[in-house]
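# Overview (structure and organization)
Given next are the chains, with one letter for each unit.
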Amino acid sequence: MTPATIFALSSGSPPAAISVIRVSGAAAHQAGRAFAGDLPPARQAAVRELRNREGELLDEALVLRFDGPSSSTGEDLVEFHCHGGRAVVAAVLDALGRFEGLRGAQPGEFTRRAFENGRIDLTEAEGLADLIEAETESQRRSALAMAEGGLRRQIDAWQEALLSLSARAEAAIDYVEEESVDADPQLSRDCSALASELRSWLLRPRSEPLKDGIKVVIAGPPNTGKSSVLNALVGQDRAIVTDTPGTTRDHIDVPLSLEGVPLRLTDTAGLRESDEEVERMGVERAGRLIAMADVLLWLGESAAPQHPHLIRVHSKSDLPGRDCAPPDALAVSALTGRGLSELADAIVREARQLLPVEGDLALNRRQSEAIAEAEAGLRSASVGDDVVLVAEMLRRARTAFDRLTGRAGVEDLLDSLFGRFCLGK
Ligand SMILES: Nc1nc2c(c(=O)[nH]1)N(C=O)[C@@H](CNc1ccc(C(=O)N[C@@H](CCC(=O)O)C(=O)O)cc1)CN2
Ligand SMILES: Nc1nc2c(ncn2[C@@H]2O[C@H](COP(=O)(O)OP(=O)(O)OP(=O)(O)O)[C@@H](O)[C@H]2O)c(=O)[nH]1
Ligand SMILES: [Mg+2]
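Please read these numbers as outputs of a predicted model, since none were measured by experiment. (Residues numbered from 1 in each chain as written. Chains lettered and ligands numbered in written order. Predicted model: local features only at pLDDT ≥ 70, side-chain atom pairs only at ≥ 80, totals over all residues.)

### Brief notes about unusual backbone geometry
With glycine set apart, most residues show a phi of negative sign, and most peptide bonds adopt trans. In plain terms, the rule: Working definition: helices are DSSP H or I runs of at least four residues, strands are E runs of at least two. Numbering for both runs from the N terminus.
A cis geometry characterises the amide bond from P14 onward to P15, with omega recorded as 0 degrees. Structurally, P15 is set in the loop between β1 (5–9) and β2 (16–24). Here the bond from G68 into P69 is cis, since omega is 5 degrees, no more than 30 degrees from zero. As for its position among the elements, P69 is in the loop between β4 (57–66) and β5 (77–84). Even without glycine at this site, N223 takes up a positive phi of about 65 degrees.

This is the structure we're talking about:
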């Protein structure tokens, strides 16, 4: 059965200067012609009057036609670039809904069709979802590399290598018609080499920190100026500042992008023994947050906790007698702004070490798990002494890659992936 023809507003919510409405599916061209009079040649834009069934003019719009399979969905597709007024968009969507065989699209349904029609694989669809959610430069670059097939091409190369390993194993089986056939040592070595290549990919930083932000926690004794440093870095009065020690209780979380590096800054309660219950709870939380910090900013003179990414801050350096910072600390004043840009630089430097290297593809959890599965198959194949088992292990690795690209066994995850998209994508 041919899938329904779907339509949706693909651009942001009106009012807007222009709104793009897309129609994809077997009935798209017919509906487009009925709506716009006629359609321009494929991949060319033309201005058309859009009229409803009664002949009433709804809008003057730029119209684009794409002929499947050469379209983003792989189906026949029409785009209307309308004036972006609320009523215009509502009238155009309403008119489209009246055409036979057309229905409103679900979120992500255009992309899902692109996947189902083989225009993109699952890793590219994941990249597109991340691209639409990207808020920083590094997120954008990383998502785009995935969306335009960076990982897919790599997987294709691995699949090809696997296929030739499998062919060698199968050939050995066919050659000797015995129950058990000794493995070929060269084949074992080649399996092991491919397994090691996969391992090197698994050892790289993952993509999640790029999306969620590196956790930068500001901690230290009470009244050392932690909340003031947070406010100064963010450039906004987010945390309450008073001269009373113990002001901050609940932690304050602020997303922040510095030089395209995504961060989550957290201000915590000043650490001290307290008889007061709320403060004690705050201090407890601070302890947990310090333990989970990716980067720790430590304010105060007392011994800092052990941390692999520690930045010591000598705060209030504008005050008399606090002019000079210890050699391992940065002199900062939230009041005058002294040292703030050095502090920002230091944070960015530490955070970068925890993020994927620019230009390297970073894997998400699902992708890592599939590659780990393929690696396990290859490792077993490399130590297998019976070539029948070796062939079986290589098949297991191939299946893992098929799941990674969405060629097999992924029905369960399609709804959750495509549900991440906005309507019209
Ligand atoms: N107006 C508009 N802008 C858009 C999109 C869109 O659908 N409409 N896109 C939506 O994702 C993105 C662009 N991606 C696209 C990907 C493939 C094709 C496409 O027609 N591909 C054909 C033909 C390639 C060619 O020869 O130029 C193909 O691959 O066969 C179009 C857009 C972002 N901007
Ligand atoms: N002169 C000067 N005063 C500062 C500076 N930073 C903070 N202060 C003052 O120090 C006091 C405490 O600042 P906060 O930022 O609330 O300190 P805190 O570490 O968050 O304190 P708690 O939340 O109680 O742990 C306030 O009176 C601030 O105005 C600074 O750079 N220079
Ligand atoms: Mg505070």
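### Notes on the sheet that holds strand β9 (residues 261–267)
The strands that make up a sheet pair up through hydrogen bonds in the backbone, lying either parallel or antiparallel. Heads up, the rule is: Strands qualify as paired when DSSP identifies two bridges or more between them. To obtain each axis, a line is fitted to C-alpha atoms, and for helices this fit is confined to the stretch in contact; angles are then taken between N-to-C directions over 0 to 180 degrees. Note that contacts rest on C-beta atoms placed from the backbone: two residues are in contact if these are within 7 Å.
If you walk across this open sheet you meet the 6 strands as β8-β9-β7-β10-β11-β12, and the pairing is mixed. Only two strands of the sheet have a single neighbouring strand rather than two, namely β8 (252–258) and β12 (329–331). Shown here is a sheet whose adjacent strand axes are inclined to one another by a mean of 25 degrees, direction ignored. Bridge count between β8 and β9: 7 bridges; the pairing is antiparallel. Paired with D253 across the two strands is T266, which belongs to β9. Lying over the sheet, helix α11 (residues 340–353) contacts β7 (214–219), β8, β9, β10 (295–299), β11 (310–314) and β12, oriented at roughly 115 degrees with respect to β9.

### Brief notes about the sheet that holds β1
Across the sheet, 6 strands lie side by side as β3-β4-β5-β2-β1-β6; this open sheet has mixed pairing. Strands with a single pairing partner mark the edges of an open sheet, and in this sheet they are β3 (45–51) and β6 (102–104). Each strand axis lies, on average, 30 degrees off the axis of its neighbour in the sheet, ignoring direction. Of the strand pairs in this sheet, β1 and β2 are connected by 4 bridges, and their pairing is antiparallel. Bridge assignment links L9 to a residue of β2, and that residue is I21.

### Quick word on the UniProt feature "binding site: Mg(2+)" (unreviewed entry) in the protein chain
Convention followed: UniProt positions are given in the numbering used here, feature names are shortened, and annotations may be inferred rather than shown by experiment. For every residue, the other C-beta atoms within 10 Å of its own C-beta are counted; 20 or more classify it as buried, 12 or fewer as exposed, and values in between as partly exposed. C-beta atoms are placed from the backbone.
Those residues carrying the UniProt feature "binding site: Mg(2+)" (unreviewed entry) are S227 and T248 in this numbering. Across 22 residues in sequence, these annotated residues keep their C-alpha atoms within 7.6 Å of one another, forming a single compact spot. Position of S227 relative to the elements: it lies in helix α9 (residues 226–234). Taking the C-beta count within 10 Å as the criterion, S227 has 24 such neighbours and is therefore assigned buried.

### Digging into the site of ligand 2
To keep it simple, the criterion reads: Put plainly, near means the residue's C-beta atom, positioned from the backbone, lies within 6 Å of the molecule or strand in question. In this classification, Asp, Glu, Lys and Arg are treated as charged, Ala, Val, Leu, Ile, Met, Phe, Trp, Tyr, Cys and Pro as nonpolar, and every other residue, Gly included, as polar.
Residues in close proximity to ligand 2 total 22 residues, the closest being G225, S227, S228, T248 and G270. Considered class by class, the residues forming the shell around ligand 2 number 6 nonpolar, 12 polar and 4 charged.

### Thoughts on the site of ligand 1
Every residue lining ligand 1 is accounted for by V20, F66, S70, S71, S72 and E79. Partitioned by chemical class, the residues of the shell around ligand 1 number 2 nonpolar, 3 polar and 1 charged.

### Focus: the confidence of the model for the protein chain
Selection rule: Note on scores: pLDDT gives the predictor's confidence for each residue, bounded by 0 and 100.
The pLDDT averaged across the protein chain works out to 93; a share of 98% of its residues lies at or above 70. Here the prediction assigns the complex a pTM of 0.79, and the interface score ipTM is 0.72.

### Re the pairing of β7
Within β7, 5 of the 6 residues are buried, which leaves the element mostly enclosed by the surrounding structure. Bridge count between β7 and β9: 5 bridges; the pairing is parallel. Residue pairing in the sheet places I214 in a bridge with L263 of β9. Bridge count for β7 against β10 is 4 bridges, and the pairing is parallel. Note that in β10 the partner of A219 across the bridge is W298.

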